[in-house]
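# Per-entry structural report
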Amino acid sequence: MIISEEIKKRVVTEPRNAWFVGRKITADFVHSKMVEEKENVAASGQETVSKKGAKKQAKAAKKAEQKAENAAANAAENAAGENAVDHAASRYGVSEMIQSKDKRSEREFLLVPDLSKHVDKGLVWVRGRVHTTRAKGKQCFLVLRQQSSTVQCILAVGDVISKQMIKFAGNIPKESIIDIQAKPIGVPIKIESCTEQFVELCVEQLFVISQAKPQLPLQIEDAARPENPDDAEGLNIRVNQDTRLDNRVLDLRTPANQAIFRLEAGVCRLFRDILTDKGFTEIHTPKIISAASEGGANVFTVSYFKDSAYLAQSPQLYKQMAIAADFDKVFTVGAVFRAEDSNTHRHLTEFVGLDLEMAFKYHYHEVLHTIGNTFTAIFKGLRDNYSREIEAVGQQYKVDAFKFLEPPLILQFSEGVAMLREAGVETGDEEDLSTPNEKLLGRLVKAKYDTDFYILDKFPLAIRPFYTMPDPNNPIYSNSYDMFMRGEEILSGAQRIHDPEYLMERAKHHGIDTTKIAAYIESFRYGCPPHAGGGIGMERVVMLYLGLDNIRKTSMFPRDPKRLTP
């Protein structure tokens, strides 16, 4: 075996091989030494790895031991806390069912919006729902909700609050109703998540009055989440319409819904107050009638002992009879039923009708202007008195301010048809406006006159009810009108026929059995002044005023062809 000079040099020059100097070096000898060197290096590496592993194992064992010690300490502390005397035991718990046993007149409860007036003035009582709750360590943060108002509450372990009370508060299910006694205090940092942003409640007593189920079919936070499809970064958590309506009691608790139905109450109040100030009298009319009040087949038939009856499509006939009875100006607020199999965004089978009727001297425009001015007054009343509710709706739904003119814009039906034709729509002179054409005309009117509310006068006679007075100057048209908000009809009205013979003629023309409306026709045989009026759909007015996309949002418990519950 030939040994290279390089190997010889390495063998004899390395310090540990110095004893080789002067000795005979063979290939076998060198090979054996190199193998021995490799084995020594490998053994040294294994020893190094073994030391590192042992150190790592020791560190892990120490960490596990420390974790176990901490867990044991926490368990001992919790056990000690649970077994310790609860010094706050009388300050919290589940209240017994309220059965009007005690009056508790010493407890004066405050409304959440009034808490700011009581900052640093001592203890107060407040009742509300648990909106959210979060317990951590020795503190618990709870948001109390009262209708649309919220306030932050805090509990902290101390002389008054025990750790057991913190645990109890943290486990109260959302939407439970509680009573708390607390001190209102001012806070230096704005609380963005609550409506009361500069006050919080330091709780001293807490009692559950009515406990909600732990699992809710929908979360109020999700149902109240803003609907903004343009926000790509927003949480895409939505509660669909059927889930909302199936669990309407929960859905109605959202701030937007609270505002919608308070605003709806405002529409009814304004309608009543404005017309009362104008000399109108409120009346109440039957909802079970012997004949279809509007004619046609869109009527619900009900069993009436041994006969059949109908649910009123409108209070029309009875409003007119009240005029014939010398009430002169009347209005009514009540349920209206329409058996229309229409599953659209704006149709219901039952809705609230705001109806009015008024005698006039010579021209039905006396009534038309009264109705138009009533709408203007309602719009102004909503704008001026319900701005907070409008703002609350706007936080969840996109709401464009409603625009109107004073006095209202009045267009002829033929003018509306001409505007549609100019926009490229083919429609006949006596053809009723379809929903798409109504909306298009609304956009055209808005672009030209900058108003969301307008009146369309002189509708074709062929598309109006039997009691509508024909236009004396053009038999194709009638003394009738519709009123529109954001391009959708919200009122239909007309001058009524007050001559009994002519009324009989028109009823027969529409195929109505006059024997079933004999009392109605007979009321005009004793003398009746000329009169006109209209019927308004309340839910539709609110929907369109707020710019919402579905009438079911403005009906508390909507009825349509597919929904009869809840």
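Residues numbered from 1 in each chain as written. Predicted model: local features only at pLDDT ≥ 70, side-chain atom pairs only at ≥ 80, totals over all residues. Heavy atoms only, no water.

## Quick look at the overall build of the protein
When helices and strands are counted, the protein shows 15 helices and 17 strands. Expressed as a percentage of its 566 residues, the buried residues of the protein come to 44%. Considering only intrachain contacts with a sequence separation of at least 6, the fraction spanning at least 24 residues in the protein is 69%. Summing over all exposed atoms, the protein offers an accessible surface of approximately 30800 Å²; the carbon and sulfur share of this is 52%. (Helix = DSSP H or I, 4+ residues; strand = E, 2+ residues; numbered from the N terminus. Buried < 20%, exposed > 50% of the residue type's maximum accessible area, 1.4 Å probe, protein only. Contact = heavy atoms within 4.5 Å. Areas by Shrake-Rupley, 256 points an atom, 1.4 Å probe, with all protein chains shown as cover.)

## A closer look at the environment of Gln412
Mapped onto the elements of the fold, Gln412 is located in strand 13 (residues 409–412). Given a relative accessible area of 29%, Gln412 falls into the partly exposed group. Taking C-alpha positions, Gln412 is 8.1 Å from Phe459, a pair spaced 47 residues apart along the chain. Residues in contact with Gln412, not counting those within four places in the same chain, are Leu456, Asp457 and Lys458.

## Concerning the environment of Asp251
Within the secondary structure, Asp251 sits in helix 6 (residues 248–251). Asp251 sits in the buried class, given a relative accessible area of 1%. Ignoring any residue separated from it by four or fewer positions in sequence, one finds Asp251 in contact with Ala223, Arg244 and Asn257.

## Here's the deal with the pairing of strand 13
Covered by surrounding structure in strand 13 are Leu409 and Leu411 only, the residues Ile410 and Gln412 on the alternate face being uncovered. Across four bridges, strand 13 lies against strand 14 (residues 453–457) in parallel orientation. In the strand pairing of strand 14, Ile410 is matched with Ile455. (Pairing = 2+ DSSP bridges.)

## Section: the nonpolar core
Core analysis: the largest hydrophobic core is formed by 55 residues, its most contacted members being Phe375, Phe453 and Tyr481. A total of 11 residues in this core trace back to one element, the largest contributor, which is helix 7 (residues 255–277). In terms of nonpolar packing, the next biggest core, distinct from the first, is built from 27 residues, Val151, Cys153, Ile178 and Ile180 among them. (Core = buried A, V, L, I, M, F, W, Y, C linked by side-chain atoms within 4.5 Å.)

## Some thoughts on the sheet that holds strand 8 (residues 288–289)
Here three strands make up an open sheet; going across it, the order is 8-10-9 and the pairing antiparallel. With partners counted over all chains shown, the strands left at the sheet margins are strand 8 and strand 9 (301–304), one partner each. For strand 8 and strand 10 (residues 307–311), the ladder comprises two bridges, and the chain directions are antiparallel. The residue of strand 10 that forms the bridge with Ile289 is Tyr310.

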